[in-house]
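Chains, contacts and geometry: an overview
One-letter residues, chain by chain:
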Amino acid sequence: MWAPRDPFFAPIGNRIPAAADQAYHLFFTSCEGLVVTAIFFVRREWMLCGVIFACVATNPGGGLAGTPARNPNPVTTVFPLQVKALLPLASGNWVGFGDTDHDGRREVVFSGRNPQGSCCYYQIFEHQGNNVYTQQYLGAQLYVRGVDDLDQDGKAEIIGQIGNQVQVYEASDAASSPSILIWSSLPFSTTLGRFAFGDTDRDGHREIIYGVPGSGTVAIFESTGDNTFQTFLFSTGAGGVDDFAIGDLDQDGLVEIACTKEGASLLKIFESPANDTWIQTFSSPTVSHPSQIEGGHDVDGDGKPDFFIGGSGSVGGVSSYRTVVYRPTGDNQFAPVDTFEVTDGSSGALANCLGDLDGLGVEEYVVNSSIGLWVFRPTSPGNWALVGQVPDPDGGSHYGVFASDVNENGRTEVFWATGAVTRNTLVLEYSSGVSDATPSTFPRAARLSIAPNPCHLEATIRIPDTAVGGATLAVFDVGGRLLDRRPIPEGLHRIVPWHAQHFTSGIYYLRVEGADAAPIAVGRAVVISK
């Protein structure tokens, strides 16, 4: 039986042998009271089946705990994710993405062990095409937390923490990897803090937003010029900060910082009404032991930002991983719109991420639990359903799950740092069949313009110029099931009417396909039937 290579002694950059590729096919059926999930772990040499556990979605009804369970939409769905590459274990609980040397090739950045086995050194692996990665650079000891160009001088920076300081490394020129330590903060805490990046006070200067562990203090390190930073501090109250989400969360034109409070089960939101000033604008109880926030933008297609808080829950006395989805209800007002749980006897979401895994134009939400990954997708505004699960390959420790379309084929890859045994970061990608053999030649699909959206009876679709000769329009439901496919008339290469009156309320994925069935453009339409 094939076993993964040791990442510290095997040569880096080789693709997994074809005979060792793994595909995970998950089948879901509903029953009274909950959704029972039978996992079928498929490999070319063998099949393991019969692992059974439960996943329950709960309707918050304005509350966050002890609410009655409800079924997700009854589905029997295959959601295949295939291991495309193996990278060394990202042991710093963070994986980032960028192009630090500006050569047009995307890179994966994380902290891991050096060849002598010491931890933790920042590393850059560059994608060479066809899911092959090579180590581009091995840097100094640093728990990496960001890739940016904070001072906007055209040279990439890697930001992280080592000991009790935040540090920034910068490249010597635009064509080099970050290797020069240019700035260190004042001492704060030897415990790793949470990081975010943005321009929260809208003054044109990029910032590092750093949650000081255990203190309730947020430090804003604002870039003031080439390799210089100014420090601002504000308090979030008692208890440390677990994680951040950054964005105009209530659509008032100001940037908010949403943070979860360590051990306090609180969500707090801060806003900057003026330069270098931050004030609290919202506070509310949230999921128990909140661990990570994702989002800050519209995910379910209703035009309002969504953000996800993962933490702990309980269903029928069984510990669970609980996620609460929030959206704005007014200026500086937010409310939960959906709650769903993974019930496997453990609690506390280690990590979660968002990505358009299947390339159909909508982001899926991925939860990392103690026994695997769970994939959820919006079925309509404010409602989410389970569509897939990936079992843990070795039952070992998990160090996080992250998402980015590094190979730029239109489908977001999942980077899963897992394994006390295998000690790898698995690169997983949705397997659609037609393009898997040659992903580097698969064209990146454009985004389809659909208006109005949401729509009622009819919408107008603007077709890209590349859709000529034999193009078709395909419509899928949230489970990826093909509902309709029809040719686009030759005389309508730019604007095509889409008749939605025959579809019930919900989210649909529209895809313009070429004569070879490859996607040219994809989009998401929200239908509201009256």
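On a predicted model such as this, the values are computed, not experimentally measured, just so you know.

On to the side chain of Thr236, then. Assignment of secondary structure puts Thr236 in the loop between β17 (228-235) and β18 (241-247). Looking at Thr236, the relative accessible area reads 2%, which means it is buried. There is a polar contact of 2.7 Å between the side chain of Thr236 and the backbone oxygen of Gly216. Dropping the residues within four chain positions of it, Thr236 is found in contact with Gly216, Val218, Val241, Cys259, Lys261, Lys268 and Phe270.

Moving on, we get to the layout of surface pockets. Of the voids in this model, the largest pocket is the one considered here, and its volume is about 1300 Å³. Along its surface, the largest pocket is lined by 45 residues, and Trp94, Phe195, Asp243, Gln292 and Glu294 are the ones closest to its centre. Those elements that provide at least two residues to the lining of the largest pocket are β6 (95-98), β10 (143-148), β14 (194-198), β18, β22 (288-297), β26 (351-355) and β30 (398-404). Classifying every residue of the lining of the largest pocket gives 24 nonpolar, 14 polar and seven charged.

Another point: the sheet that holds strand β33 (residues 446-447). Judged by pairing direction, the sheet is mixed, and its five strands sit side by side in the order β33-β40-β39-β36-β37 without closing on themselves. Of all the strands in the sheet, just β33 and β37 (482-487) have a single pairing partner and so form its edges. Bridge analysis of strand β36 (residues 472-476) against strand β39 (residues 506-513) gives five bridges, and the strand direction is antiparallel. Looking across to β39, one finds that Ala474 is bridged to Arg511.

On to the environment of Ala175. Looking at where Ala175 falls in the secondary structure, it is placed in the loop between β12 (165-170) and β13 (180-184). Under the relative-accessibility criterion, Ala175 is labelled exposed at 57%. Expressed as a C-alpha distance, the spacing of Ala175 and Asp101, which sit 74 residues apart in the sequence, is 4.4 Å.

Spatially, the four strands line up as an open sheet ordered β6-β7-β8-β9, and their pairing is antiparallel. Either end of the sheet is taken by a strand with one partner, and the two such strands are β6 and β9 (132-141). Within this sheet the neighbouring strands show an average axis-to-axis angle of 25°, counted without direction. By the bridge criterion, seven bridges tie strand β8 (residues 121-129) to β9 in an arrangement that is antiparallel.

This part covers the state of the cysteines. Using the criterion set out here, one finds one disulfide in the structure. A sulfur-sulfur separation of 1.6 Å characterises the disulfide bridge that pairs Cys119 with Cys120. Taking the sign of the S-S torsion, 45° for the link of Cys119 and Cys120, the bridge is right-handed. Here Cys120 falls in the buried class, since its relative accessible area comes to 2%.

With that out of the way, let us pick up the pairing of β8. β8 sits mainly inside the fold: seven of its nine residues count as buried. Pairing of strand β7 (residues 107-112) with β8 involves six bridges; the strand directions are antiparallel. Bridge assignment links Phe110 to a residue of β8, and that residue is Gln123. From the end of β8 to the start of β9, which pair antiparallel, there are two residues, and Asn130 there has a positive phi angle of about 55°.

Thresholds, definitions, all that
- Residues numbered from 1 in each chain as written.
- Predicted model: local features only at pLDDT ≥ 70, side-chain atom pairs only at ≥ 80, totals over all residues.
- Heavy atoms only, no water.
- Helix = DSSP H or I, 4+ residues; strand = E, 2+ residues; numbered from the N terminus.
- Buried < 20%, exposed > 50% of the residue type's maximum accessible area, 1.4 Å probe, protein only.
- Polar contact = N/O pair within 3.5 Å; in protein donor to acceptor, adjacent residues only side chain to side chain.
- Contact = heavy atoms within 4.5 Å.
- 1 Å grid on protein atoms, 1.4 Å probe; cavity = no way out; pocket = protein on both sides within 12 Å on 5 of 7 lines; lining within 4 Å.
- Points joined across faces, edges and corners; volume = space filled by probe spheres on them.
- Nonpolar A, V, L, I, M, F, W, Y, C, P; charged D, E, K, R; others polar.
- Pairing = 2+ DSSP bridges.
- Axes fitted to C-alpha atoms, helices over the stretch in contact; angles between N-to-C directions.
- Disulfide = S-S within 2.5 Å.

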